[in-house]
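Chain by chain, the residues:
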Amino acid sequence: MSEAKPRPDPSGPTSRRSFLRTGLALGGAVGAGVGTGALAGRAAAAAPDVKNLPPSVPEWSQSLGDGVVSRPYGRPSKFEADVIRRDVEWLTASRQSSVSFTPLHQLEGIITPNGLGFERHHGGIAEIDPSEHRLMIHGLVEKPLMLTLEDIKRFPRVNRIAFLECAANSGMEWKGAQLNGCQFTHGMIHCVMYTGVPLKRLLEEAGLKTNAKWLLPEGADASAMTRSVPIEKALDDAIVAFAMNGEALYPEHGYPLRLVLPGWQGNMWVKWLRRIKVGDEPWHTREETSKYTALLPDGQARRFTWAMDAKSVITNPSPQAPLHGKGFTVLSGLAWSGRGAIKGVDISLDGGRNWRVARLDGPVLDKALTRFYYEFDWNGDPLLLQSRAMDETGYVQPTKAALRKHRGLNSIYHNNGIQTWHVLPSGEIENVEVA
């Protein structure tokens, strides 16, 4: 039995608070993560009013409801008010350069609603008047362009479902189990349908010069986010998007324009896109030198790690979605890969000793989230739940130990290690690691 160090709780104030943690023993030594508590992010179950239960006629059936356009923009039921993005206040120094997390444990299918997709900002949300916004394309081009939003909408459009994952998703878990809840361990991801114009078409309009090798997209927010993008990606599947899930981008997602780079780390999907400079070499900006690189055990830096490797997480059951009694149980989760489509997902109930094949359901698309299920009867015994994704290239999601063996403990980026949830006999669930 091992002892895990106290960790702060993202669901509330952290000063003057400590948590006694002890390791668990089940099929090997494990260390438990802490943070949100088993029911954080879930509305407390209220006792039903017996007057509204059958065979009585419930109160909502005894009077007329609101008429049409009483809610000009639709919103969820008031009984779903707890299904929201959440942040971890102690994670960053300010809200303007911080992150919120998608409530993965409360969503179904593969499409993330626009209002629930995680946020990552470096200078706060830019509120932009689209009539005053321009996209400039310049540098190593024959004809520099200055495009309005309406100009861009006159180019042929494409629709593409793709996941967007922050490179630091699961980053706090590098050194051990930390936060209780897949919203916090894996929630820096969402998947939507983007509508926009292939970047290739805009570059063709500008006319690339023969020595054009790199792009430098820049955002219009206060941080002027910039990243170097190789021309091969720009001419492949990159999109300049103006809509997501059928409506205009939300301000927190880059309204009125953002760059979409399917399968690549989210920091490169520049929001509030205002400028693209074409050059012959990378610019080595702050976001690709001191940030978004990883120090390896031999002292060298791992950089230009664009693609997100195959990864998965069990969303239900999980620490924020505990089990409520023995019996038939539907296990559900998400898998994805930045290198192609998911080929399969395996499930373990005993910490990786034995694996079972999960069922993929719904669309299985290139560089998009994929939903998986595994049904079983739970008899109340403790479980160590794991999922392991494989993509069409043959890549298999590794254990956290395997990642650390090669990359050490100095990274917070590209952690795609297998996640373990410990199911207690009570149905409560903890974030742990199997030694």
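Above: the structure in question.
Residues numbered from 1 in each chain as written. Predicted model: local features only at pLDDT ≥ 70, side-chain atom pairs only at ≥ 80, totals over all residues. Heavy atoms only, no water.

Right, let's get into helix α5 (residues 400-407). Within an α-helix, residues lying three or four positions from one another point in the same direction, as the helix has 3.6 residues per turn. Of the positions making up α5, those classed as buried are Lys400, Leu403, Arg404 and Arg407. Along the long axis of α5, the arc covered by the buried residues comes to 95 degrees, so they all point the same way. Exposed side chains of α5 directed beyond 90 degrees from the buried face belong to Ala401, Lys405 and His406. If you follow the buried residues of α5, they end up packed against β15 (294-295), β16 (301-302) and β25 (429-434). Just downstream of α5 lies Gly408, where phi reads positive at about 75 degrees. (Buried < 20%, exposed > 50% of the residue type's maximum accessible area, 1.4 Å probe, protein only. Helix = DSSP H or I, 4+ residues; strand = E, 2+ residues; numbered from the N terminus. Arc of directions from axis to C-beta. Contact = heavy atoms within 4.5 Å.)

Roughly 630 Å³ of internal volume is contained in the largest pocket. Looking at side-chain class alone, the lining of the largest pocket contains 15 nonpolar, 12 polar and 7 charged residues. (1 Å grid on protein atoms, 1.4 Å probe; cavity = no way out; pocket = protein on both sides within 12 Å on 5 of 7 lines; lining within 4 Å. Points joined across faces, edges and corners; volume = space filled by probe spheres on them. Nonpolar A, V, L, I, M, F, W, Y, C, P; charged D, E, K, R; others polar.)

Turning our attention to the nonpolar core. Residues Leu135, Ile137, Leu199 and Leu215 are the most contacted members of the largest nonpolar core, which totals 58 residues. Of all the elements, strand β11 (residues 239-244) adds the most residues to this core, at 6 residues. Beyond its immediate stretch of four places on either side in the chain, Leu135 contacts Leu145, Met146, Leu147, Ile152, Leu202, Val240, Leu257, Leu273, Arg274, Arg275 and Ile276. Counting residues in hydrophobic clusters, the runner-up holds 32 residues, among them Cys182, Leu331, Leu385 and Trp421. (Core = buried A, V, L, I, M, F, W, Y, C linked by side-chain atoms within 4.5 Å.)

Turning our eyes to something else, we now look at the environment of Arg404. When you line up the elements, Arg404 lands in helix α5. On the basis of relative accessibility, which here comes to 19%, the residue Arg404 falls in the buried class. C-alpha separation for the pair Arg404 and Trp174, spaced 230 residues apart in sequence, amounts to 7.8 Å. Dropping the residues within four chain positions of it, Arg404 is found in contact with Glu173, Trp174, Lys175, Gly176, Leu409 and Glu433. A polar contact of 2.8 Å, which involves the side chain of Arg404, links it to the side chain of Glu433. (Polar contact = N/O pair within 3.5 Å; in protein donor to acceptor, adjacent residues only side chain to side chain.)

Before going further, it helps to examine the pairing of strand β5 (residues 135-139). Relative to strand β6 (residues 145-147), β5 runs antiparallel, the two being bridged by 3 bridges. Looking across to β6, one finds that Met136 is bridged to Met146. Two successive antiparallel strands, β5 and β6, enclose a turn made up of 5 residues. Where β5 and strand β14 (residues 273-279) come together, 4 bridges link them in parallel fashion. Opposite Ile137, over in β14, you have Ile276 as the bridge partner. (Pairing = 2+ DSSP bridges.)

Here the structure, examined in full by the defined rule, presents 3 cavities of 30 Å³ or more. Within this model, the largest cavity holds a volume of roughly 230 Å³. Of the residues assigned to the lining of the largest cavity, the class counts are 8 nonpolar, 6 polar and 6 charged. If you add up the space inside the second largest cavity, you get close to 50 Å³. Taken together, Leu104, Leu107, Glu108, Gly109, Ile110, Ile111, Thr112, Leu334, Leu369 and Arg371 make up the full set of residues lining the second largest cavity. Across the lining of the second largest cavity, the residue classes tally to 6 nonpolar, 2 polar and 2 charged.

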